[in-house]
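As a plain string of letters, each chain reads:
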Amino acid sequence: MSLEKNQEYEIIIEDIGNDGEGIGRIDGMAVFVKDAMPGDVARIKIIKDKKKYAYGRLMEIIAPSKDRVNPICPHARACGGCSIMHVSYEKQLAWKQDKVANCMKRIGGIDNPEAIMEPIVGMSDVNEGFPAIRYRNKAQFPVGRDKNGNVVIGFYAGRTHSIIDTDVCYLQHPINDVIVEKFRQFLVKNNVEPYDEQTHSGLVRHLLTRVGRQTGEVMFCVIVNGKEIVGNDGKNIESEFVECMKDIEGVSSIILNVNQEKTNKILGDKCRTLWGKDTIEDYIGNVKYQIGPLSFYQVNPAQTEKLYSKALEYAELNGDETVWDLYCGIGTISLFLAQKAKRVMGVEVIPEAIDDARKNAKLNDIENVEFFVGKAEEVLPREYEKNGVYADVIVVDPPRKGCDIVTLETMLTMSPKKIVYVSCDPATLARDIKILTEKDYTIRKMCAFDQFSHSGHVETVALLSHQ
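Keep in mind it's a predicted model, so treat the numbers as computed, not measured.

(A) Region of the structure containing the sheet that holds strand 10 (residues 151–156). Here we have seven strands laid out as an open sheet, ordered 11-10-9-12-13-14-15, and mixed in their pairing. The open sheet has two edge strands, strand 11 (163–165) and strand 15 (270–276), and neither has a second partner. Shown here is a sheet whose adjacent strand axes are inclined to one another by a mean of 30 degrees, direction ignored. In this sheet, strand 10 lies alongside strand 9 (residues 138–145) in antiparallel orientation, the contact comprising three bridges. When the sheet's bridge partners are listed, Gly144 is paired in strand 10 with Val152. Where helix 2 (residues 175–189) meets the sheet, it contacts strand 9, strand 10, strand 11, strand 12 (204–211) and strand 13 (218–224), and its direction lies at approximately 150 degrees from that of strand 12.

(B) Representation of empty space enclosed by the protein within the structure. What the rule picks out here adds up to one cavity of 30 Å³ or more. Here the largest cavity defines a volume of roughly 40 Å³. Along the walls of the largest cavity sit Phe141, Thr166, Asp167, Val168, Cys169, Asn176, Asp177 and Val180, which together make up its complete lining. Per-element tally for the lining of the largest cavity: the top contributor is helix 2, with three residues. Grouping the amino acids of the lining of the largest cavity by side-chain chemistry returns four nonpolar, two polar and two charged.

(C) Molecular detail of helix 2. For helix 2, built from 15 residues, the straight-helix expectation of 21 Å at 1.5 Å per residue is met to within 8% by its first-to-last C-alpha distance of 21 Å. Within helix 2 the residues assigned to the buried category are Ile175, Asn176, Asp177, Ile179, Val180, Phe183, Arg184, Phe186 and Leu187. If you follow the buried residues of helix 2, they end up packed against strand 9, strand 10, strand 11, strand 12, strand 13 and helix 3 (238–245). Downstream of helix 2 by one or two residues, Asn191 has phi in the positive range, about 55 degrees.

(D) Just the pattern of salt bridges, in detail. Considering all chains together, one arrives at 28 salt bridges under this definition. Of the charged contacts in the structure, one is a salt bridge between Asp177 and Arg134, with a shortest N-O distance of 3.1 Å. With a gap of 43 residues between them, Asp177 in helix 2 and Arg134 in the loop between strand 8 (130–131) and strand 9 connect regions that are remote in the sequence. Residue classification places Asp177 among the buried positions, given a relative accessible area of 17%. For Glu217, the salt bridge is made with Lys277, and the minimal N-O distance between the two is 2.7 Å. Within this pair, whereas Glu217 is found in the loop between strand 12 and strand 13, its partner Lys277 is found in the loop between strand 15 and strand 16 (280–284), the two being separated by 60 residues in sequence.

(E) Quick peek at the nonpolar core. Counting residues in hydrophobic clusters, the biggest one holds 89 residues, and the most contacted among them are Phe183, Leu187, Val204, Phe241, Trp324 and Leu326. Those residues in contact with Leu326 that sit more than four places away from it in its chain are Val347, Ala376, Leu380, Ile394, Val395, Val396, Asp397, Thr407 and Met411. In this structure, Met219, Val287, Leu307 and Tyr314 belong to the second largest nonpolar core, which totals 44 residues.

(F) Expanded view of the packing of helix 7 (residues 376–385) against helix 8 (residues 405–414). Interhelical geometry of helix 7 versus helix 8 gives an angle of 25 degrees and a closest axis separation of 8 Å. Taken together, the axes of helix 7 and helix 8 are roughly parallel relative to one another. Seen from above, helix 7 lies across helix 8 with left-handed handedness. Here Ala376, Glu377, Leu380, Pro381 and Tyr384 of helix 7 lie close against helix 8, whose contacting residues are Val406, Thr407, Thr410, Met411, Thr413 and Met414. When the residues that make up the contact of helix 7 with helix 8 are grouped by side-chain class, the tally is seven nonpolar, three polar and one charged.

(G) Seen up close, the packing of aromatic side chains. Per the counting criterion, the structure on display carries 10 aromatic pairs. Geometrically, the ring pair formed by Phe220 and Phe241 is edge-to-face, given 6.0 Å between the ring centres and 85 degrees between the ring planes. Placement of the pair is Phe220 in strand 13 and Phe241 in helix 3, with a sequence separation of 21 residues. Note on accessibility: Phe220 and Phe241 belong to one class, buried. Centre to centre, the rings of Trp324 and Phe372 are 5.5 Å apart; their planes meet at 25 degrees, and the pair counts as stacked. Taken together, the residues span a long stretch of sequence, with Trp324 in strand 18 (residues 322–326) and Phe372 in strand 20 (residues 369–373) at a distance of 48 residues. A connected cluster of aromatic rings, assembled from ring pairs, spans Phe183, Phe186, Phe220 and Phe241.

(H) The arrangement of unusual backbone geometry in detail. In this structure, Ala132 takes a positive phi of about 55 degrees despite not being glycine. With relative accessibility at 0%, the residue Ala132 sits in the buried group. For Ser415, which is not glycine, the phi torsion reads 55 degrees and is therefore positive. Of note, Ser415 is situated in the loop between helix 8 and strand 22 (418–423). On the accessibility criterion, Ser415 (31% relative accessible area) is partly exposed.

(I) Up close: helix 7. Taken as a whole, helix 7 has its buried residues at Ala376, Val379, Leu380, Pro381 and Glu383. Against the buried residues of helix 7 lie strand 18, strand 19 (343–348), strand 20 and helix 8.

(J) How the structure looks around the pairing of strand 14 (residues 251–258). Across the eight residues of strand 14, eight count as buried, placing the element largely inside the fold. Pairing of strand 13 with strand 14, which is carried by seven bridges, proceeds in the parallel orientation. The residue of strand 14 that forms the bridge with Val224 is Val258. Bridge analysis of strand 14 against strand 15 gives six bridges, and the strand direction is antiparallel. Its bridge partner being in strand 15, Leu256 is matched across the sheet by Arg272.

The rules behind these values
- Residues numbered from 1 in each chain as written.
- Predicted model: local features only at pLDDT ≥ 70, side-chain atom pairs only at ≥ 80, totals over all residues.
- Heavy atoms only, no water.
- Pairing = 2+ DSSP bridges.
- Helix = DSSP H or I, 4+ residues; strand = E, 2+ residues; numbered from the N terminus.
- Axes fitted to C-alpha atoms, helices over the stretch in contact; angles between N-to-C directions.
- Contact = heavy atoms within 4.5 Å.
- 1 Å grid on protein atoms, 1.4 Å probe; cavity = no way out; pocket = protein on both sides within 12 Å on 5 of 7 lines; lining within 4 Å.
- Points joined across faces, edges and corners; volume = space filled by probe spheres on them.
- Nonpolar A, V, L, I, M, F, W, Y, C, P; charged D, E, K, R; others polar.
- Expected span 1.5 Å × (residues − 1).
- Buried < 20%, exposed > 50% of the residue type's maximum accessible area, 1.4 Å probe, protein only.
- Salt bridge = Lys/Arg side-chain N within 4 Å of Asp/Glu carboxyl O.
- Core = buried A, V, L, I, M, F, W, Y, C linked by side-chain atoms within 4.5 Å.
- Parallel < 35°, antiparallel > 145°, perpendicular 65-115°, else oblique.
- Left-handed = near helix turned anticlockwise from the far one by under 90°.
- Phe/Tyr/Trp six-rings, centres within 6.5 Å; stacked < 30°, edge-to-face > 60°.

Following this line, the structure appears as structure tokens:
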């Protein structure tokens, strides 16, 4: 059967999808409805029919779920950042725990994952009367004009490049609200032209901010379609910009990033410090990190400390082990592990990240780490086969696509005593665990973490032991 586009229906939402959308059924066909949740009775309009399933737009909540709450953010429904802020935080955590368990059953072939799963680790903070907000240390604000020609700074609406003009974001540190407002005033006062991605014209593309949660240091970076900040008259006004922005509390670094490519990629490769330092510093646990505008760094450091501590706990290091950390980024997990291991070797494909990792090791006087530039699926086999390097423990923290099959096969060949798998996608985690457990490994325990509250994302740490 098919459902007629623009036809309205009353529907009971019974389940929740991978990205937090509600799922109900009309004459047996699954209908995905953004902003709806299990327990809602809703009136919806069909916006897309895919023959086997459909998408609906939420028109009215006829009877709300008992777990529905009013989002603190007035932009939550329009913006693409907080897809489940209307769901009580307790229900969010329960759903994410179930999401991981269901992937382990359906994809990983684990009959009773609940038996090895620890309770999900959520956030305990309540700010401004609402749970799990103000946790992000990095923000990226697109800049443009609305249909009336006004400067807009905010976030993209879900699945679009239409900018929702935002004066406050409840996921970000409050200092961002101040920065955005002063930046908006500067652009308007000095006739600085926002970027137009349709015509590839205009100057200012994005504003990026980073906040050191432990140090209080603040960096902001202006991404421009040019080589300098100029007004409409072409005059360089970078000194005026610095004078306007440098007195904001905590600001220690103001940077210009050049991106003149016709691309959706936010940052270009070239940065120039306009004022202050090239980097800011922050801590995860007692490990200090230098963070630049191009650095990869976890956006929720409070939860990251809990996650890394769990990975360290699962590794069960006693000081005699050789540990490989694959997909190591700027060495965040590597340096955590090095506090307890004899030797740690990190692998990352991005050269700039390895440069940062080496700097961070030196910054913390950690000498028992070594970093390699390259793909994990190339570096690990090379070092094992040609140089005889082995591992007592391998830690992997891959991107959403999971581990490359060559990496998994090399891990199986190396046969470390333990594999600690840190994952940002339970589906690819389950897929890779199935491969490992069909060979020589047993899944012993796992723990989910809410790193990205009010969104559909969930992180997981899993421990596998050699049989």
